[in-house]
Amino acid sequence: MKRHLLLLFTLLAAASCMKYGPREEEQFAADLSHRGLFVLCEGNYMYGNASLTYYDPESKSAENEIFARSNAFPLGDVAQSMTIFDGLCWVVVNNSGVIFAIDPSTFREVRRITGFTSPRYIHFIDSHKAYVTQIWDPRIYIVDPSECRITGYIETGMDFETGSTEMMVQIGDYVYVNCWSYQNRILKIDTRTDSVTQQLVVGIQPSSLVKDCNDKLWTITDGGYEGSPYGYERATLVKIDAESFAIEKTFYFEFGKTPRGLATGDGGRTLYWINDGVYKMQAEDENLPAIPLVEPKGTIFYSLTIDPWNGDIYIGDAIDYTQNGVVMRYSAEGNLLDTFGAGINPGNFCWRAAQ
Amino acid sequence: MKTRRLASIIALFAAFLPLAGQEPWWNGDPSYVTQITESAVVAERPLGEIGQHRTSIDSAALQLTVSQSMADILTYNTSVFVKQYGRGSLATVSFRGTAASHTQVTWNGMKINSPMLGMTDFSMIPSYFTDKADMLHGSSSLAVTGGGLGGAVLLATDNAQKEGLELDAVAGYGSFGTFDGFLKVGYGTKRWHIRTRLAATSSENDFTYRNYNKKEYTYDDFGVPNGSYYPIDTNRCGSIRDLHLLQEAYYTTSGGDRLSLNAWWTRSIRGVPMLSVDYRPGNKYLNQQSENTLRTVTGWNHTGKGYILEAKAGWLHTKQAYDFSKDRGNGTMVSMVQSRSLINTIYGQAEGKWFPVKQLMINAQLAAYQHFVESSDRNAIKESDKVTIGYEQGRFETSAYLSAKWNATRRLGIAAALREELYGDKFSPIIPVINIDYLITNSLTAKVSGSRNFRYPSLNDLYFLPGGNPDLKPESGYSYDAGLFFSKSHEGRYSLDLSANWFDSYIDNWIVWIPTFKGYWTPRNVLRVHAYGIETRASGKLQISRDWQASGSANFAWTPSINHGDPKDWADEAIGKQLVYVPLFSGSSVASLAYSSWRLTWKWCWYSERYTTSDNDMATKIGRVLPYIMNDIVLEKRFALRYTGLSFKLAVNNIFNEEYESVLSRPMPGRNIEFFIEIIPDFNK
């Protein structure tokens, strides 16, 4: 009887063994002598499966999940954006409330800043000051990246429930910020005083912000959604004169369309965005283009970036949002060149220049 | 003073003792060894069970660990997939590779799936309130309700019709600051029976775990990193405060009519545990959901000569809240999300069973639900005091069912049924069901069935703001079953029940919520799914000697659930792959060994890997939920004292202290224990 019980216990114990545990650390050494592209793969909200893909345009090779493979722990929940400053790649992980700084070659974590509510983007003023935008929190956090600590806040006058700040563009001493979720404005922040000096109402939900070669600001407003108490209107592309902080021109999209992913190319002379297909327009054009440069052909384009050095167009495809996505590379003329695999929901990009 | 108060309580308690007129549950003998009875003879096969694939949860399983929810009970006693988002968190049940919203749940006949979400949170159903739990697999669920593309779980209280006073009190204390209290007080006469049950749980739920999703670094004297480790983290924001109260009243008239009233009130405040990849400090955030629910069902049953009539009416009222707040840093909390929902459902049902001849039953059933729902997010916009985002909707739902069940010969039983549903102003297609039983031997029965099935979208699917899609089509499909059921027993020696069932289902227009470019999610009819597989079950008892008895059950299921939808684009790798979070294999078993008043129970469950991506990516280092195996044990000892029965119980969960996740980035506790003491006064003495 004893022997049988022992055998039973051993069988059950063996049956209980699982492989959950530490991950292996992998060694990477990305070649920094030529440019590289990081693809921020959001993952699925509340899954904790955000990841980072690295693409080498020279060798045309991609490595997925480089953060997790290099550091032996996952990036977190919803990878939002990356900014390169002072030789480090700063990755903002929105729903984990953390910003990691990683080495651009080994992808190893070298710094970490915590204490955020829901960070979206980081913009560096200098090596001791950076701004971090948020949703669910109207304040823009001021951090000291060298010491990895929050040093202050920029009050924006919005409330916690609907206050949100998003992308940042700097022209001279001023940083411009679009306020996207349930908002309609662009903020102008004086970096010398860390305070909002002006606000400009542009339209419902400005989702992205870039500057062109003439230091004009461009934003796309998505127009909200049907049934939204905040309103529902036509999406727009808005050109703003930064100096006077006034709207210079508003281009209207067809009602119901959701343009997004505003990007610049050719040194800021050209604008690109996604509106089903990918559209291209010169910064001086007076009208929106009528036909897309790249047709979606059954694909839902998810994200967009332009190679600053050769004008190639990179388009993220999330497919069904729950599987690994792909990135399609098109020539500047809109011809498909090749594709490479990425993580789940490739939603943002960051270029690293050659050293 | 304290002594005097204690004496008063004892005196008050003693004053009730003369009222006693009921036998205690051990009949004077605290033994766990129970009588093994002979199987029912074939001639008494109930007509209502023709073609039905039903799994009944043993009452011993329901009572084994009263602190457990129905989610835990189903995990160890069936082969359904119970998806648990953490200890004391949302737990959903899905059959046969389908989704949680494809499992219909009734309580005393009333459907309790949320009309907003379409699903049921089984972590909120205490097993202490459940006397009967049955599962109807696949098309068998159509005998009760529509919409169960996977099946249905039927939960019910039971009129034990005990005369005299009954009292049962259980107190439990366990790991993670967990206190449980359960109380059952009842009084019955020949016609009346009134019973009140209370279940209260409080837990800090602050278990610690090795967090493999984070790393901390160690530094040398010069501040240079010289090592790293995975930290021991605490489950944050996961506290549980649940209170359930159940009032039952039963009355049997002199004419044999039975009347019943059940009212179940729930008050729950639970934290929503933070993900293991969340770096925000738990003490700076309030992430909490609360619920205030009242479910009432009243029923009438009349059994006449050759017919049975039944009518039920009910009301379901639920207020739910979700709050996400943050400490601004000065101790004041600022609200970021304040979601509120209010559901009122009025329910009515009438059913008749007519036996024109002994071997034929005609069954007609009509159930109606009127839902009123308000859903709002108070903080989305605060331009006025008025709630400005959300929806208010009502929907009338009716389901009519007509069946004929016929024992054509001693060996052959045939059943045919039709169900028709109305939701809002839309009708479902006619849903036909055909079932056939054939008795191969006195112990072995073959069952086959085929049906259409249909599930209409939930109110959130249609109207949630933002994202609701009023153009959604209902999910629909066909399902086929074939199985063998073996039952053999010998009174006083053994009993054995075995079953093996093959099923095959096709579901079109499967609804999935997907993100949009405006930052919210929206449901779409995106999948065509072929779910098929095998379910097996074995259960039995063995009388080893006069004082020794072994019993157990084991379940195993193989449930491929394959996406056969159209590819989204050329890169879509999800076609032909297993659905996300549906295990291909699942198994469970419970084994008990009783020696007189001692009993040791071993519980085991296993889920194979669940894919977290629709392309079933196995190369990923971050998205795998590895096979989940759990072992729990329960040791019990009963004592028969002069005036009371006493039971001590020690439950050890996760005895091998496994580190695991049931859902990605949701930590689960390691080994934990809970100790219970149960008192059942013997009012006969």
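Just so it is clear, the structure is predicted and the values come from calculations on it, not from any experiment.

Draft legend 1. Fine view of the overall build of chain B. In terms of regular secondary structure, chain B is built from 4 helices and 37 strands. Relative to its length of 685 residues, chain B is compact, with a C-alpha radius of gyration of 26 Å against a globular reference of 26 Å. Along the first, second and third principal axes, the C-alpha set of chain B runs to 80 × 70 × 55 Å. For chain B, the residues scored as buried account for 44% of the 685 residues in total. Residue pairs at least 24 apart in sequence account for 65% of intrachain contacts in chain B once pairs closer than 6 positions are excluded.

Draft legend 2. Summary view of the overall build of chain A. A count of helical and extended segments in chain A gives 2 helices and 27 strands. Burial statistics for chain A: of 355 residues in total, 47% are counted as buried.

Draft legend 3. Fine view of unusual backbone geometry. Note the cis peptide between B:Leu465 and B:Pro466, where omega equals 0°. Checked against the element boundaries, B:Pro466 lands in the loop between helix H4 (459–463) and strand S26 (475–490).

Draft legend 4. Region of interest: the interface of chain B and chain A. Contact with chain B, which involves 56 residues of that partner, is made by 55 residues of chain A. When its residues are assigned to classes, the side of chain B that touches chain A shows 26 nonpolar, 13 polar and 17 charged.

Draft legend 5. Looking closely at the confidence of the model for chain B. Residues and elements named next belong to chain B. Counting all residues, the mean pLDDT for chain B is 90, and 93% of those residues have values of 70 or more. Residue range residues 1–25 is modelled with pLDDT below 50. Its contacts to residues more than four positions away, or to other chains, number 28 contacts. Under the prediction, the complex receives an ipTM of 0.93, its pTM being 0.91.

Draft legend 6. Molecular detail of helix H3 (residues 70–77) of chain B. Most of H3(B) sits inside the fold, with 8 of its 8 residues counted as buried. Taken residue by residue, H3(B) has B:Met70, B:Ala71, B:Asp72, B:Ile73, B:Leu74, B:Thr75, B:Tyr76 and B:Asn77 as its buried positions.

Draft legend 7. Up close: the sheet that holds strand S9 (residues 129–134) of chain A. All names here are of chain A. Taken together, 4 strands build an open sheet; the order of strands is S8-S9-S10-S11 and the sheet is antiparallel. Where the open sheet ends on each side, the last strands, each with one partner, are strand S8 (119–126) and strand S11 (149–154). Here the strands of the sheet are splayed against their neighbours by 30° on average, with no regard to which way each runs. Bridge count for strand S10 (residues 140–144) against S11 is 5 bridges, and the pairing is antiparallel. Across the sheet, the residue bridging to Ile-142 is Gly-152, located in S11.

Draft legend 8. View of the environment of B:Phe683. Here B:Phe683 is to be found in the segment after strand S37 (672–681). A sequence separation of 358 residues divides B:Phe683 from B:Ser325, and the C-alpha atoms of the two residues are 51 Å apart.

Draft legend 9. View of the sheet that holds strand S19 (residues 246–252) of chain A. Residue and element names in this part refer to chain A. Taken together, the 4 strands give an open sheet; going across it, the order is S16-S17-S18-S19, and neighbouring strands pair in antiparallel fashion. Of all strands in the sheet, those with a lone pairing partner are strand S16 (206–211) and S19, marking the two edges. Across the sheet, the mean angle separating the axes of adjacent strands is 20° when strand polarity is ignored. Direction of pairing for S16 relative to strand S17 (residues 216–221): antiparallel, over a ladder of 5 bridges. Each bridged residue has a counterpart across the sheet, and for Lys-211 the counterpart in S17 is Leu-217.

Draft legend 10. Representation of the pairing of strand S6 (residues 132–137) of chain B. All names here are of chain B. Pairing analysis gives 4 bridges linking strand S1 (residues 54–57) to S6, with the strands arranged antiparallel. Directly across from Ser-56, in S6, lies its bridge partner Asp-134. The sheet contact formed by S6 and strand S7 (residues 151–156) spans 6 bridges and is antiparallel. Along S7, the bridge assignment pairs Met-135 with Val-153.

Draft legend 11. Examining the pairing of strand S24 (residues 313–317) of chain A more closely. Residue and element names in this part refer to chain A. Burial of S24 is extensive: 5 of the 5 residues sit out of reach of the surface. As paired strands, strand S23 (residues 301–306) and S24 are joined by 5 bridges and run antiparallel to one another. Residue Leu-304 lies in a different strand from S24, and its bridge partner there is Ile-315. The antiparallel hairpin formed by S23 and S24 contains 6 residues in its connecting segment, where Gly-311 sits at a positive phi of about 80°. Strand direction decides the pairing type here: S24 and strand S25 (residues 324–330), joined by 5 bridges, are antiparallel. Within the sheet, the bridge partner assigned to Tyr-314 lies in S25 and is Arg-329. Linking S24 back to S25 in an antiparallel pair, the connection comprises 6 residues, with Ile-319 at a positive phi of about 55°.

Draft legend 12. How the structure looks around the nonpolar core. Ranked by size, the top nonpolar core spans 90 residues in total, and within it A:Leu52, A:Val91 and A:Ile315 carry the most contacts. Non-local contacts of A:Val91, meaning those with residues more than four positions away in its chain, are made with A:Leu52, A:Leu75, A:Ala79, A:Met82, A:Ile99, A:Phe100 and A:Ile102. If you look at the next biggest cluster of nonpolar residues, it comprises 71 residues, including B:Met124, B:Ile125, B:Ala531 and B:Val590.

Draft legend 13. The arrangement of the environment of A:Asp194 in detail. Residue and element names in this part refer to chain A. Here Asp-194 is to be found in the loop between strand S14 (185–190) and strand S15 (195–201). For the pair Asp-194 and Tyr-174, spaced 20 residues apart in sequence, the C-alpha separation works out to 9.5 Å. The contacts of Asp-194, once residues within four sequence positions are left out, are Ile-142, Gly-152 and Ile-154.

Draft legend 14. Region of the structure containing the environment of A:Arg23. Position of A:Arg23 among the secondary structure elements: in the loop between helix H1 (2–15) and strand S1 (36–41). Between the alpha carbons of A:Arg23 and A:Ser70 there is a distance of 9.7 Å; along the sequence they are 47 residues apart. In this structure A:Arg23 touches A:Ala68, A:Ala72, A:Phe73, B:Tyr212 and B:Lys621, once residues within four positions along its chain are discounted.

Each value, and the rule that gives it
- Position numbers for residues start from 1 in each chain and track the written sequence from start to end.
- Both sets of labels track the order of writing: A upward for chains, 1 upward for ligands.
- Where local features are concerned, this predicted model is filtered to residues with pLDDT of at least 70; where side-chain atom pairs are given and counted, the filter is 80 or more; whole-chain, interface and lining totals use all residues.
- Labels follow the DSSP assignment, with helices taken as runs of H or I lasting at least four residues and strands as runs of E lasting at least two, numbered in each case from the N terminus.
- C-alpha atoms define the radius of gyration in this analysis, and the globule rule sets the expected value at 2.2 Å times the number of residues to the power 0.38.
- Field definition: a residue is buried when 20 or more other C-beta atoms are found within 10 Å of its C-beta, exposed when 12 or fewer are, and partly exposed for counts in between, with C-beta atoms placed from the backbone.
- Here the contact rule is simple: place C-beta atoms from the backbone, and any two residues whose C-beta atoms are within 7 Å are in contact.
- When residues are sorted by character, Ala, Val, Leu, Ile, Met, Phe, Trp, Tyr, Cys and Pro go into the nonpolar class, Asp, Glu, Lys and Arg into the charged class, and all the rest, Gly among them, into the polar class.
- As a per-residue quantity, pLDDT reports the predictor's confidence and falls between 0 and 100.
- A pair of strands is treated as paired once DSSP finds two or more bridges between them.
- Angles shown run from 0 to 180 degrees and are taken between the N-to-C directions of axes, each axis being a line fitted to C-alpha atoms and, for helices, limited to the stretch in contact.
- Defined on buried residues, the nonpolar core groups Ala, Val, Leu, Ile, Met, Phe, Trp, Tyr and Cys residues joined through C-beta atoms within 7 Å.

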